Amino acid sequence: MGRNLVASATDDIDYPFNTDVRSSPWRVPRENGPAAANAAPNTSAFTENSFRKHTKGIIPADSIPSTLPATSSVKAAAVMGGRASPGRKSSPSSDLTSTSSISSISAHGPSSIWSATAAAAIAAASFKGKTSSTNRSVHSPRPPKPLRPHTPTSNTTDGSLPTANSRLDPRFHSFRRADPLATSSFTDNGGDDDILPFNVESGQAGGEDAFGLGGHPGFFSKDSYKILPHRREPPKGWMDNLPPFLNPRKLTRRQQALCLMLTVAVLLFLIGIVISAARRTGIEALGPGGDDGAAGTGIYRNLFTEVMDKSIVETDTKLEGVWDNYFKGDIEKTGLYVEVEPNMAQIINTESNVVTSEGISYGMITCVHLQKQEAFNRLWNWARFHMQHTAGTYETFFAWRVTRGGLLIDAKDVVPAPDAEAYIATALIAAHRKWGSSIAYPYKAEAMRLIHAMGNSKKGFFTKDGKATFNPTDWGLRHSNPSYHLPHFYQAFARFLKNEGDPRAAKFWSKSAMQSRKFFHVAADPKTGLIPDYTTLEGKGASDPNLEGHSNFQWDAWRAPANVAVDWAWWNMDGWQQKYADRFLGFFASQGPKYGSQFTMDGKLADNNSGHDAGLVSMNAVVALATKDEKLMSSFVKELWEQDMPEGKGRYYPAMLYMMSLLHCSGRFQAYF
């Protein structure tokens with residue numbers, strides 16, 4: 001350690017202790033400008049005053065001689081060249097008192113003498129205490145490393161080392177002024193292991209202080225760690241194997257800044273796309289839900305009691321009267337329910353004189369909540385023996401329409417309608433919780449089989465990510481019916497399956513419930529709250545010319561806002577639903593007491609408007625479960641209570657909606673899981 005620190009005849013006098021002028025703290029100032037290139041070396045710049053200045057605090061001032069014999073200078077330089085080690089003797093090669101060495105030092109004059117004295121001071125401070133007697137001489141250095149080959153330039157025609165002022169040699173003309181902090185230590189970068197750390201400001205020396213292990217931290221080249229035994233080369237990490245354009249460590253600061261600016265620009269661009277898409281489609285973020293809904297607390301609101309002070313007895317009496325009218329009345333006048341032997345029953349669509357899976361499901365859900373088990377079992381027997389597929393593409397599902405004799409009308413009748421399956425599964429779960437399953441009526445097993453079939457992404461009604469489709473046909477898988485979205489049922493399925501030890505399926509149905517909630521955010525008009533009959537999977541209005549007006553708000557769509565409100569009443573998982581209920585009911589309140597039933601999405605009456613309809617009045621009262629406006633709630637709930645039971649040939653659809661609305665608003669329609 002410390003080779004090349006002894007000044008030789010070929011060294012420039014401006015840097016007597018280090019052949020690398022970049023890191024020398026005692027670099028002698030020189031003149032600038034063209035005249036300095038051919039100027040003679042300043043041999044007297046490093047004087048006694050300079051030596052005293054840079055050794056202040058290291059060597060007592062009174063111990064510095066005014067002159068120094070050449071032989072002493074050489075021996076001091078020998079101290080610089082070797083590292084003292086207790087117990088080790090010097091070799092003969094360490095004696096630098098030869099005539100050639102003396103002449104090499106003396107040739108440089110007084111400046112070289114003071115330089116050698118400074119070297120002795122540094123070595124003494126760096127290795128203080130390492131040699132305790134004259135018997136332990138300083139260990140000699142290895143032979144000095146030869147200078148790098150140098151090709152004579154226009155400035156040096158004799159082959160000697162060019163001066164520090166040379167502007168042609170790349171070792172010198174590319175030097176930059178050192179950082180002021182870097183002058184607290186100096187290094188020899190001429191070799192991989194040539195370094196002598198020294199701290200001028202603190203007056204301390206040694207490798208530990210210079211490397212920040214004590215005293216003022218030193219500053220070294222990037223390869224300085226290689227010469228210390230306790231500093232190993234850091235292992236290569238995974239980033240070192242990356243291509244240069246992917247490794248930030250191999251990029252310049254300008255390249256890093258450019259990458260940062262590009263990254264920020266891309267992020268801002270993506271954020272702008274999301275914001276513009278949200279504004280264009282009118283999406284509102286899912287708001288936080290309130291406390292647990294009725295499904296969690298078990299407390300279901302009776303709007304007739306809240307608004308009209310009706311007692312539970314009065315509401316139950318009204319419900320029983322409606323039941324008797326539709327389930328015991330004459331099918332030719334008011335009835336909808338017809339018993340068929342052996343031990344079966346139907347709900348008749350009085351307008352077309354057929355049986356639909358929708359009607360069976362509505363009848364089953366009504367029977368289970370009014371504790372009518374016999375009628376429930378009869379309807380279930382008809383559905384599973386005359387409408388349920390036992391094999392083929394639609395296995396487990398129900399044909400959406402058959403004759404009163406149980407026969408298909410055309411080929412399209414085999415296709416299932418997803419809302420009917422959801423209502424039937426919900427009714428079976430409630431029947432299992434209320435009455436228990438048996439061998440003859442395995443409600444629980446049938447419900448689980450149906451729920452799993454519905455959620456099958458290959459044969460069912462949902463995409464892999466949980467979006468509800470129109471039906472399992474090519475066209476139906478690309479479209480949706482908003483009234484088929486029943487998030488309150490899906491959430492109940494998730495709880496039911498979790499309770500029955502099927503968490504994987506439960507997770508899917510929870511996701512489906514959330515997808516339907518998001519769907520309504522898109523499907524609902526941002527001003528009127530109206531929802532179209534049919535849409536795309538994303539909730540946008542379907543533009544298919546064969547839909548015949550189903551892009552408007554009409555018969556099927558009446559049920560969609562009620563689904564939103566019941567989901568809020570049961571689960572309280574989307575705060576947006578309350579704002580939506582206010583918007584939707586506010587629109588109909590603005591239309592007057594005898595509002596229409598079919599509208600375009602912007603709130604204009606459609607060409608096929610059928611006037612004030614009991615079915616829509618019934619569904620609008622259910623939306624009051626989610627509204628925060630008490631005036632709106634009061635008006636729509638009162639209208640439902642005071643409304644006459646739907647009658648006539650077309651009574652089937654409004655009558656079933658009317659009966660289910662009474663169940664919801666009275667708190668009798670409850671979640672079971």
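Because the structure is a prediction, the values reported are computed rather than measured. (Residues numbered from 1 in each chain as written. Predicted model: local features only at pLDDT ≥ 70, side-chain atom pairs only at ≥ 80, totals over all residues. Heavy atoms only, no water.)

### Some words on the side chain of arginine 583
Put simply, the rule is: Each helix is a run of H or I in the DSSP string that is no shorter than four residues. Each strand is a run of E no shorter than two, and both are numbered from the N terminus. In this scheme, a residue with accessible area under 20% of its type's maximum is buried, one over 50% is exposed, and one in between is partly exposed, where area comes from a 1.4 Å probe on protein chains only.
Secondary-structure assignment places arginine 583 in helix α18 (residues 576-589). A relative accessible area of 16% means that arginine 583 is categorised as buried.

### Considerations on the packing of aromatic side chains
As a reminder, the rule being used: When two rings of Phe, Tyr or Trp (its six-membered ring) have centres within 6.5 Å they constitute a pair, described as stacked for plane angles under 30 degrees, edge-to-face for angles over 60, and tilted for the intermediate range.
Inspection of every chain in the model, using the stated rule, returns 39 aromatic pairs. The interplanar angle of 25 degrees and the centroid separation of 6.0 Å between the aromatic rings of tyrosine 441 and tyrosine 443 together place this pair among those described as stacked. In terms of burial, tyrosine 441 and tyrosine 443 fall into one category: buried. Between phenylalanine 470 and tyrosine 484, the ring centres sit 5.7 Å apart and the planes meet at 45 degrees, which makes this aromatic pair tilted. In this pair, phenylalanine 470 is assigned in the loop between α14 (443-454) and β7 (479-480) and tyrosine 484 in the loop between β7 and α15 (487-499), connecting sequence segments 14 residues apart. Of the two residues, phenylalanine 470 and tyrosine 484, neither departs from the other in class, the shared state being buried. What links up through ring pairs into an aromatic cluster is the set Phe553, Trp576, Tyr580, Phe584, Phe587, Phe588, Tyr595, Phe599 and Phe636.

### Observations regarding the nonpolar core
Filter applied, for reference: Think of a nonpolar core as a cluster: buried Ala, Val, Leu, Ile, Met, Phe, Trp, Tyr and Cys residues, connected wherever their side-chain atoms sit within 4.5 Å. It only takes one pair of heavy atoms within 4.5 Å for two residues to be counted as in contact.
Judged by nonpolar contacts, the single largest core of 128 residues is most densely connected at Trp509 and Phe588. The greatest single-element share of this core, amounting to 11 residues, is contributed by helix α21 (residues 652-666). Each residue touching tryptophan 509, except ones within four places of it in the same chain, is listed here: Ile451, Met454, Gly455, Phe462, Tyr490, Phe493, Ala494 and Leu497.

### Observations concerning helix α10 (residues 312-327)
Because each turn of an α-helix spans 3.6 residues, side chains separated by three or four positions end up pointing in the same direction. Our working definition: The span expected for a helix works out to 1.5 Å for each residue beyond the first. It is the directions from the helix axis to the C-beta atoms whose arc is reported.
Compared with the 22 Å implied by 1.5 Å per residue over 16 residues, the 22 Å span of α10 between its first and last C-alpha is a close match. All of the buried residues in α10 are Thr315, Leu319, Val322, Trp323, Asn325, Tyr326 and Phe327. For α10, the arc enclosing every buried residue in end-on projection is 170 degrees, short of the 170-degree limit, so these residues lie on one face. Across α10 from its buried face, at more than 90 degrees, point the exposed residues Val313 and Thr317.

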